[in-house]
Amino acid sequence: MAQKRVNLDQGTFSCSICLDLLRDPVTLACGHSYCMDCITTHWDGEDPEQIYSCPQCRHLFTPRPVLVKSTMLADLVEELKKPELQAAPAGPEDVACDYCTGSKRKASKSCLVCLTSYCEKHLQPHYSVVPLKKHKLVEPSKNLEKKICSHHGEVMNLFCRTDQQCICYLCSVDEHKGHDTVSAEAERTEKQRELEESLKYIQEKKQEKEKYSCLLEKERNAIHLSANKAVEKSEKAFSELICLLQKISSDLTQQLRAREETEVERVHALSQKLVWDIPELRCKMKMLQHICKTEDHIRFLQNYICPWPPLSEAKLSTNFDVGPLTYFEEVTAAVTAAVSQARSKLQDVLRETWTDLSLQETKVDIVLPPPELQTRADFLKHSREITLDPNTNHTRIELSEGNRKGTLFLASRSKPNPDRFTGYTYKAMSAEGLTGRCYWEVENGAKSLGVSAVYKDISRDGMNLRSEKSWALSCGKNNYLFWHQNAYTHLPSDIQSSRVGVYLDHSAGVLSFYDVSETNTMTLLHRVETTFTQPLHAAIGFWEMGDTAEFVKPK
């Protein structure tokens, strides 16, 4: 409220001739005040009959009044000139007051009738002068001249629905005569309603997709949690199985070692017995050899000893059998057979439980995509001339340059047909289906441009930029986004592309986007590796009126 009071005071203490704060203020007998220089200059040009009048109320004075500076008004004006009471100066991004001289002040309103922007000080007549009160004041605008008809120089306050463009009242009786015309305000109301409906629809879609995104996030977390639990339980199960096998192996090892010790002790006992038996047998053998050598028969008979062992035991008998030295082969064979049988049963169980799990070694063939082309000359070997299909472009896109260039207009430029892109999808796609290895370039004349490769059967309405049948690079001011399957990837880059190159290797599933500089230097912006199931069509898309793009022949 205090600021409003200061604005009214500034208007009150402004000279109605120069519209600036009073300088050396003087007050006439009628009560109106002026700058001394302003009223003096005004009266100097008055009627030579020496009749002087007030510029505001036309009160007559004879003779010419003697002008005396009003000290009180001068003090009040000086008070109003203090910095805290002055309008802010216009900055680089602000709309400047058209009436200010010298240092421009920031405009607070623009008048659509005067086609002029005013600061608060110079705006006061629009609040106090009755004819000016009817003028339409809007927020400050730098483009007031765009509201003037280029043919008639009048304010465009009408809208031709037939041609979908703004016109002035002279246009309505001239080249737009007989057309469906309404006031700009009425059309704005209608368009506002459409935009609000679209905004509501987009908001609902946004909320729906955000909700779906949250559900997907929960599902992803649930997948991670479930997978972690499955891994934990499977690891525990296999660990228990491993522990069981290790215990069986340990028990078998202990049994084998115990049997080994028993057999070794048996062999050792037999060996010790032989140590004692061999010398005794050696002694008896010498005695018998000595008797056998006696030549005297009497003496031989006298020394004869009963044979040992008795002759009835024809063979030398022992209490042990060495055998083929294969004590543990039967254990080895049994263990091998048991393990093989257990492994076979385990494989069968796992195959029945998880059909996609195989314990056999699987050979995986990895097919690497071909390397990126290295030089611009390599790309140009695969260059293709692209022409847009005149049956697919949005009705607001006009084709030119042999259907190689597209321009987005406010009004429809083509007749509707079922093959055209509709709604807010301002796109057009090529007539040619692209396979094999191809390279093409798009000259960017847009503030925001979409360069994409799409399948022919892509949906022609809605936000198909995000379709699973579209691979699109969105080029904005120092900003790049890659869209596919309702998701985008932000591509950090400080490049503002004036030309975008696209390279396709259809069989290898490679799609690459490049920035092409004025010196023909190519910088990779994004690369896709996938599997293409249909021929691709080159496409362009716009967002702002007046944007253009052209498929040029690379050189």
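Residues numbered from 1 in each chain as written. Predicted model: local features only at pLDDT ≥ 70, side-chain atom pairs only at ≥ 80, totals over all residues. Heavy atoms only, no water.

A. Main features of the pattern of salt bridges. Taken as a whole and judged by the stated rule, the model has 25 salt bridges. Close ionic contact of Arg-23 with Asp-20 constitutes a salt bridge, the shortest N to O distance being 4.0 Å. Under the relative-accessibility criterion, Arg-23 is labelled partly exposed at 40%. Asp-20 sits in the partly exposed class, given a relative accessible area of 24%. Where Arg-161 meets Glu-187, a salt bridge forms, and the shortest distance between an N and an O atom there is 2.6 Å. Taken as a pair, Arg-161 in the loop between strand E8 (158-160) and strand E9 (165-167) and Glu-187 in helix H7 (residues 184-292) lie far apart in primary sequence, 26 residues in all. We classify Glu-187 as buried; its relative accessible area is 5%. (Salt bridge = Lys/Arg side-chain N within 4 Å of Asp/Glu carboxyl O. Buried < 20%, exposed > 50% of the residue type's maximum accessible area, 1.4 Å probe, protein only. Helix = DSSP H or I, 4+ residues; strand = E, 2+ residues; numbered from the N terminus.)

B. Here's a closer look at the sheet that holds strand E7 (residues 137-138). Strand order across the open sheet formed by three strands is E6-E5-E7, with antiparallel pairing between neighbours. Two strands bound the open sheet, and with one partner strand each, they are strand E6 (116-118) and E7. With two bridges joining them, strand E5 (residues 109-111) and E7 adopt antiparallel strand pairing. Within the sheet, the bridge partner assigned to Cys-111 lies in E7 and is Leu-137. Against the sheet, helix H4 (residues 120-128) engages E5, E6 and E7, with an angle of about 110° to E6. (Pairing = 2+ DSSP bridges. Contact = heavy atoms within 4.5 Å. Axes fitted to C-alpha atoms, helices over the stretch in contact; angles between N-to-C directions.)

C. Representation of a nonpolar patch on the surface. On the surface, a cluster of nonpolar side chains totalling about 290 Å² of accessible area is made up of Tyr-212, Leu-215 and Leu-216. Among the structural elements, Tyr-212 can be located in helix H7. (Patch = residues over 30% accessible without salt bridge, like charges linked within 9 Å, V, L, I, M, F, W, Y side chains within 5 Å. Areas by Shrake-Rupley, 256 points an atom, 1.4 Å probe, with all protein chains shown as cover.)

D. Broad picture of the pairing of strand E15 (residues 449-455). For E15, a buried count of seven out of seven residues is recorded, marking the element as mostly surrounded by other parts of the structure. On E15, burial covers both faces: Leu-449, Val-451, Ala-453 and Tyr-455 on one face and Gly-450, Ser-452 and Val-454 on the other are all buried.

E. Up close: the nonpolar core. Grouped together as the largest cluster of nonpolar side chains are 36 residues, with contacts concentrated most on Trp-440, Leu-511 and Phe-542. In this structure, Trp-440 is in contact with Arg-384, Ile-386, Leu-434, Val-500, Gly-501, Val-502, Leu-504, Ala-538 and Phe-551, ignoring residues within four places of it in sequence. Among the nonpolar cores identified, the runner-up in size contains 17 residues, and Phe-13, Tyr-34, Ile-39 and Tyr-52 belong to it. (Core = buried A, V, L, I, M, F, W, Y, C linked by side-chain atoms within 4.5 Å.)

F. Molecular detail of the confidence of the model for the protein chain. Taken as a whole, the protein chain shows an average pLDDT of 81; of its residues, 86% reach a score of 70 or greater. When mean pLDDT is compared element by element in the protein chain, strand E23 (residues 548-552) scores highest at 93, while helix H1 (residues 2-12) scores lowest at 51. In this model, residues 357-369 is a region of pLDDT below 50 whose contacts with residues beyond four sequence positions or in other chains number nine contacts. (pLDDT = per-residue confidence, 0-100.)

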